[in-house]
Amino acid sequence: MIKDENMELAIKEARKAAQRNEIPVGAIIKDASGKIIAIESNKTRELCDSTAHAEINAIRMASQARRDIYLSDCTMYVTLEPCLMCIGAILNSRLKKLIYGLQSPKYGAFSSGLSTYKNTEILIRNTEIYGGFYQTEISRIMREFFENKRRGFDGHRY
């Protein structure tokens, strides 16, 4: 497997999220020079905000760092295929590239039954999208997280 330090950093953030009892998803955004301008993870429970997904948190952080709502020269690396809400935010922020790890057949913007983005070439013109990286490792992190939740029900629904 080809190593990618960007995806590995996103995976590290996903692990930190799991330790905080958040669904383990991590995201980073790099600008055109390669500088990391956002490192985030899911914070839905921490912030009591169902929209606080890693992708949206990273977009907010990057936009604030640059003082610009458009990230058209930036690349996002995220461990899990974005949901419909997140892909909308990604498109609205005009990210140049999206690179994700594991597909999400239940909620993913591209692979789920909910998807409205079956023909990405027509609907998504300005964002290059690549998926399927580090799937084995990310799948193991997700599986272990949910197995631990099922073993010791903590009162949270996932």
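Residues numbered from 1 in each chain as written. Predicted model: local features only at pLDDT ≥ 70, side-chain atom pairs only at ≥ 80, totals over all residues. Heavy atoms only, no water.

K.L.:
Explain the pairing of strand β2 (residues 36-41) to me, and be specific about the residues and the numbers.
P.N.:
One ladder, built from five bridges, connects strand β1 (residues 26-30) with β2; its direction is antiparallel. Note on β2: the bridge partner recorded for Ala-27 is Glu-40. (Pairing = 2+ DSSP bridges. Helix = DSSP H or I, 4+ residues; strand = E, 2+ residues; numbered from the N terminus.)

K.L.:
Which residues make up the side chain of Lys-149, and what values go with them?
P.N.:
Relative to the assigned elements, Lys-149 resides in helix α6 (residues 135-151). Only 2.4 Å separates the side chain of Lys-149 from the side chain of Asn-21, close enough to count as a polar contact. (Polar contact = N/O pair within 3.5 Å; in protein donor to acceptor, adjacent residues only side chain to side chain.)

K.L.:
How would you explain the environment of Asn-57 if you had to name every residue and give the values?
P.N.:
As for its position among the elements, Asn-57 is in helix α3 (residues 54-66). In this structure, the C-alpha to C-alpha distance between Asn-57 and Ser-41, residues 16 residues apart in sequence, is 7.2 Å. Here Ala-52 takes part through its backbone oxygen, which lies 3.0 Å from a polar atom of the side chain of Asn-57.

K.L.:
How would you sum up the side chain of Glu-55? Please name residues and give values.
P.N.:
With respect to the helices and strands, the residue Glu-55 is situated in helix α3. The side chain of Glu-55 sits in the buried core without any salt bridge; Arg-60 is the nearest counter-charge, 10 Å away. When residues no more than four places from it in sequence are discounted, the contact partners of Glu-55 are Ala-27, Met-76, Val-78, Leu-80, Pro-82, Cys-86 and Ile-90. (Buried < 20%, exposed > 50% of the residue type's maximum accessible area, 1.4 Å probe, protein only. Lys, Arg positive; Asp, Glu negative; His and termini not counted. Salt bridge = Lys/Arg side-chain N within 4 Å of Asp/Glu carboxyl O. Contact = heavy atoms within 4.5 Å.)

K.L.:
I'd like a description of the packing of helix α1 (residues 5-19) against α6, backed by residues and values.
P.N.:
Following both chains from N to C, one finds α1 and α6 inclined at 5 degrees, their axes separated by 11 Å at the closest point. As far as their axial angle goes, α6 and α1 are roughly parallel. Within the contact between the two elements, α1 uses Ile-11, Arg-15 and Ala-18 and α6 uses Glu-137, Ile-138, Arg-140, Ile-141 and Phe-145. Grouping the amino acids of the contact of α1 with α6 by side-chain chemistry returns five nonpolar, no polar and three charged. (Axes fitted to C-alpha atoms, helices over the stretch in contact; angles between N-to-C directions. Parallel < 35°, antiparallel > 145°, perpendicular 65-115°, else oblique. Nonpolar A, V, L, I, M, F, W, Y, C, P; charged D, E, K, R; others polar.)

K.L.:
Outline the packing of α3 against helix α4 (residues 84-93), supporting the account with residue identities and numerical values.
P.N.:
Packing of α3 against α4 brings their axes to within 9 Å, and their N-to-C directions diverge by 25 degrees. By the angle class used here, α3 and α4 are roughly parallel. Crossing geometry of α3 relative to α4 is assigned as left-handed. Between α3, through Glu-55, Ile-56 and Ile-59, and α4, the contact on the second element is made entirely by Met-85, Cys-86, Ala-89, Ile-90 and Ser-93. Class assignment for the residues of the contact of α3 with α4 results in six nonpolar, one polar and one charged. (Left-handed = near helix turned anticlockwise from the far one by under 90°.)

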